[in-house]
Every structure is written in structure tokens, then in C-alpha cells.
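Structural overview for review
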Amino acid sequence: MTTHLSAAPIVVNPYRPSPARITSIIDLTPMEKLFEFRLIGDAAREAFDFQAGQFVELSIFGVGEAPISISSAPSKQGFIELCVRNSGDVTGALHSKKCGDIVGLRGPFGRGFPFQEMKGHDILLVAGGLGIAPLKSLINHIHDDRHDFGKVTILYGSRTPADILFRAQFDMWRHRDDFDLILSVDQPDETWDGAVGLVTKLFDTIDVDPKGTYGAICGPPVMYKYVIAEMRKKAMDADHIYVSFERRMKCGIGKCGHCGVGHQYACIDGPVFNYWEAMNLQEAI
Ligand SMILES: Cc1cc2nc3c(=O)[nH]c(=O)nc-3n(C[C@H](O)[C@H](O)[C@H](O)COP(=O)(O)OP(=O)(O)OC[C@H]3O[C@@H](n4cnc5c(N)ncnc54)[C@H](O)[C@@H]3O)c2cc1C
Ligand code: FES
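Model, not experiment: these values are computed from the prediction.

Quick look at the site of ligand 1 now. In the neighbourhood of ligand 1, 19 residues make up the surrounding shell, with Pro67, Cys83, Arg85, Thr91 and Arg247 lying closest. Within the contact set of ligand 1, a nitrogen atom lies 2.8 Å away from a backbone nitrogen or oxygen of Cys83. Backbone polar atom of Gly88 to an oxygen atom of ligand 1: 3.5 Å apart, as the coordinates give it. If ligand 1 stood free it would expose 960 Å²; the protein chains cover 64% of that surface. When contributions to the shell around ligand 1 are tallied by element, the ones reaching two or more residues are strand E4 (64-69), strand E5 (79-85) and helix H2 (89-95). No other element matches E4, which puts four residues into the shell around ligand 1. Its residues assigned to classes, the shell around ligand 1 comprises 10 nonpolar, four polar and five charged.

Listed below in C-alpha cells is the structure:
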């Protein structure tokens, strides 16, 4: 008797983390570190194709999972970087790890920034605090394809000079003429010679081509409403404004309902939303 065994399709379990090795750790501030990971195995690396603005679920075995935005550019193949604030169980456990240690990563998840659509336009990026983490992926991605974009302006607000993330890279970029980077702090110290005040104050210092500019915003929830208002005051096209929202998440794949925002799930419909979607997410803005 002949038995017909049909080849079963390979089912990838979306809840199963892939092992990743920590290849570099850089202290950015006393609270934040930049970790670089290399996924273990060629198949895992090939499957990990992401867009700027997407996130991963980071697992520390025996502790738990936390959603974290990807900070590196998609072009940095085989490696991903996460900028992580020590704020609880998972992130605290990650902060105690060393180079060579293994963690788990699931993803990439969510909707990123519309990179292809943004090409051919000026770009205005506005970040507050840790919100620079996902925007850094977009900035580096634009940097890799710099000739495809017009003027690129980055407005970045921090609480104090000591809280500025990616300081070394930004210090270098401040002297480049293909990126306009303006930093602002709420509380200056004696070393600070830049702008002082909320990031929205920086809008007084910039010129924007209203129809030819895409805006991307990420920061603390309180910031969105005011930054969007400034973009609209500059007559920027609402269709060209994108925001990245953080919501408490568990599964990351639209199953558990933890990240419900309005009638959408931030993990699959976001974390990047366009202006019109953001306006409908009443509790988010
Ligand atoms: C899409 C997305 C991207 C993110 N990107 C980053 C990033 O790039 N870098 C980064 O550092 N963080 C990022 N975060 C935030 C990060 O996921 C959270 O801070 C996460 O809670 C950290 O996990 P933890 O186990 O270390 O902390 P937790 O143990 O979860 O604690 C974090 C803090 O939240 C409080 N808390 C925990 N659970 C609850 C609850 N149910 N209700 C109210 N308060 C609670 C805790 O008391 C504590 O103060 C992102 C979140 C999302 C959704
Ligand atoms: S995190 Fe589970 S539905 Fe979004």
C-alpha cells in the first residue's frame, strides 16, 4: 500500500522569539543604553526585514517581554540596534547583560513610516526624549538614500543636556550642511549654548515648504497635539504628517487586545499613524 504524505507547510510561530546575541553596548545616559544585536542563524537574519518605525518584542528569558522600537536603519543588514531606557523588569534585566549574552527577539512588528512615499520631499522630524529612538532609524535610512530627499530638518527636545540621546552622532551632524539639526533643552546647564524651551518653540526658527514636506513626530503623548498644531500653522499638508504612538502591548500581533486605541490596535495598525488616523484616535491626541 502506498501512503501519500503531503509536505506539511512550515508554520512560523509568531510567539516564539529568535535568539539574538548582544554584540555591542554603548552607555548613552545613566538611564539609556544602545544595544546592538545579531540574530543567530542565516534564516532568522534573512527573515528579519524591517521598515523604519517598526518595533520588536524583546524577551529576557525567565523575566518577560517588552516592545522596543528599532533604532538602526534597515540597510544595516544582519544587525539591529535598540535604544533602551531602564524602566522596569525586562529593560532592567537587559541593562545588566553583557556583550555575548543571548536574548530573544520577535518581530519586526507594526507599520513603519512611509519611506517610499516620503522620497522626493523635504522632511521635518520632531522628537521629544526617548521618541528619538524610532526616528533615528528613519534618519539613518534617509542618510543612506540622502540624494532622494530634499531638505531634512530634525528638531529634538530633551529635558536637560545630560538627557540628549545619540549626543556623539548629533554633535557630528550639527556641522553637516545636508541635515539641519536643532536641539533644545527644558533646563539648560552651564555647558549648554543651544536653544532653551519646549521643542515647539523651535518652529519659530525654521522655514517649511508647506506642500513639499513630510512630517514625522515621536515623543511623550503630551507633545503630539502641540507639534501637530505647529505643523498645521506652517500650512503643512495633513496627509503628509505621521506620528508614532506607544501603547501598552503584549502579543504585538493584534491578538490580545492590550493595545486597543479607538477602533484600532497600535501593534498592527500603528505604531505609526497618519494625521487623519491620529485625529480619530481621540484618547491618543
Ligand atoms: C511600540 C513601542 C515602542 C517602544 N520603544 C521603546 C524604545 O525604543 N526604548 C524603550 O526604552 N522603551 C520603549 N518602549 C516602552 C517599553 O516597552 C516600556 O517601557 C516597557 O514597559 C518596558 O518593559 P519593562 O518590563 O522593563 O518595564 P515594566 O516592568 O513593564 O515597567 C515599566 C513602567 O511601567 C509601569 N507599568 C508596568 N505595567 C503597567 C500597567 N499595566 N499600567 C500602568 N503602569 C505600568 C511600571 O510600574 C514601571 O514604572 C516602547 C513601547 C512601545 C509600545
Ligand atoms: S499587543 Fe496584543 S493586540 Fe496589540
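Next, the rest of the story.
Turning our eyes to something else, we now look at the nonpolar core. Counting 66 residues, the largest nonpolar core has Leu124, Val126, Leu138, Ile217 and Met231 as its most contacted members. A per-element tally of this core places helix H4 (residues 132-144) first, with six residues. Formed jointly, this core draws a minimum of three residues from each of two domains, domain 1 (18-109) and domain 2 (115-244). Ignoring anything within four residues of it in the chain, the contact list for Met231 reads Leu124, Val126, Phe203, Gly215, Ala216, Ile217, Met236 and Ile241. In terms of nonpolar packing, the next biggest core, distinct from the first, is built from 21 residues, Leu39, Ala66, Ile68 and Ala93 among them.

Looking at where Leu28 falls in the secondary structure, it is placed in the loop between strand E1 (18-27) and strand E2 (32-39). For the pair Leu28 and Asp163, spaced 135 residues apart in sequence, the C-alpha to C-alpha distance is 8.5 Å. In contact with Leu28, other than residues within four places in its own chain, are Lys33, Leu34, Cys83, Leu165 and Phe166.

For the rest of this paragraph, the subject is the domain arrangement of the chain. Annotation of the chain at the domain level lists domain 1 (18-109) and domain 2 (115-244). Its C-alpha centre places domain 1 at a distance of 24 Å from the equivalent point of domain 2. In this assembly, 17 residues from domain 1 lie in contact with 14 residues from domain 2. Summed over the shared surface of domain 1 and domain 2, the result is one salt bridge. Summed over the shared surface of domain 1 and domain 2, the result is four residue pairs in polar contact (both at pLDDT 80 or more). Elements that contribute at least two residues to the side of domain 1 that touches domain 2 include exactly E2 and E5. For the side of domain 1 that touches domain 2, the residue count by class is eight nonpolar, six polar and three charged.

On average, residues of the chain carry a pLDDT of 90, and 95% of them reach 70 or more. Mean pLDDT across the secondary structure elements of the chain bottoms out at helix H1 (residues 42-47), with 74, and peaks at H2, with 98.

This paragraph deals with the sheet that holds E5. The six strands are arranged E4-E3-E6-E1-E2-E5 in an open sheet whose pairing can be described as antiparallel. Single-partner strands in this sheet number two, and they are E4 and E5. Across the sheet, the mean angle from the axis of one strand to that of its neighbour is 40°, orientation sign disregarded. Note that E2 and E5 share seven bridges and pair antiparallel. Bridging across to E5, Lys33 finds its partner in Val84.

Our focus in this paragraph is the environment of Arg248. Within the secondary structure, Arg248 sits in the loop between strand E12 (241-244) and strand E13 (260-261). Once the C-alpha coordinates of Arg248 and Gln169 are considered, the two residues, 79 residues apart in sequence, prove to be 30 Å apart. In this structure Arg248 touches His258 and Cys259, once residues within four positions along its chain are discounted.

The rules behind each value
Residues numbered from 1 in each chain as written. Chains lettered and ligands numbered in written order. Predicted model: local features only at pLDDT ≥ 70, side-chain atom pairs only at ≥ 80, totals over all residues. Heavy atoms only, no water. Near = heavy atom within 4 Å. Polar contact = N/O pair within 3.5 Å; in protein donor to acceptor, adjacent residues only side chain to side chain. Areas by Shrake-Rupley, 256 points an atom, 1.4 Å probe, with all protein chains shown as cover. Helix = DSSP H or I, 4+ residues; strand = E, 2+ residues; numbered from the N terminus. Nonpolar A, V, L, I, M, F, W, Y, C, P; charged D, E, K, R; others polar. Core = buried A, V, L, I, M, F, W, Y, C linked by side-chain atoms within 4.5 Å. Buried < 20%, exposed > 50% of the residue type's maximum accessible area, 1.4 Å probe, protein only. Domains from an automatic or database assignment. Contact = heavy atoms within 4.5 Å. Salt bridge = Lys/Arg side-chain N within 4 Å of Asp/Glu carboxyl O. pLDDT = per-residue confidence, 0-100. Pairing = 2+ DSSP bridges. Axes fitted to C-alpha atoms, helices over the stretch in contact; angles between N-to-C directions.

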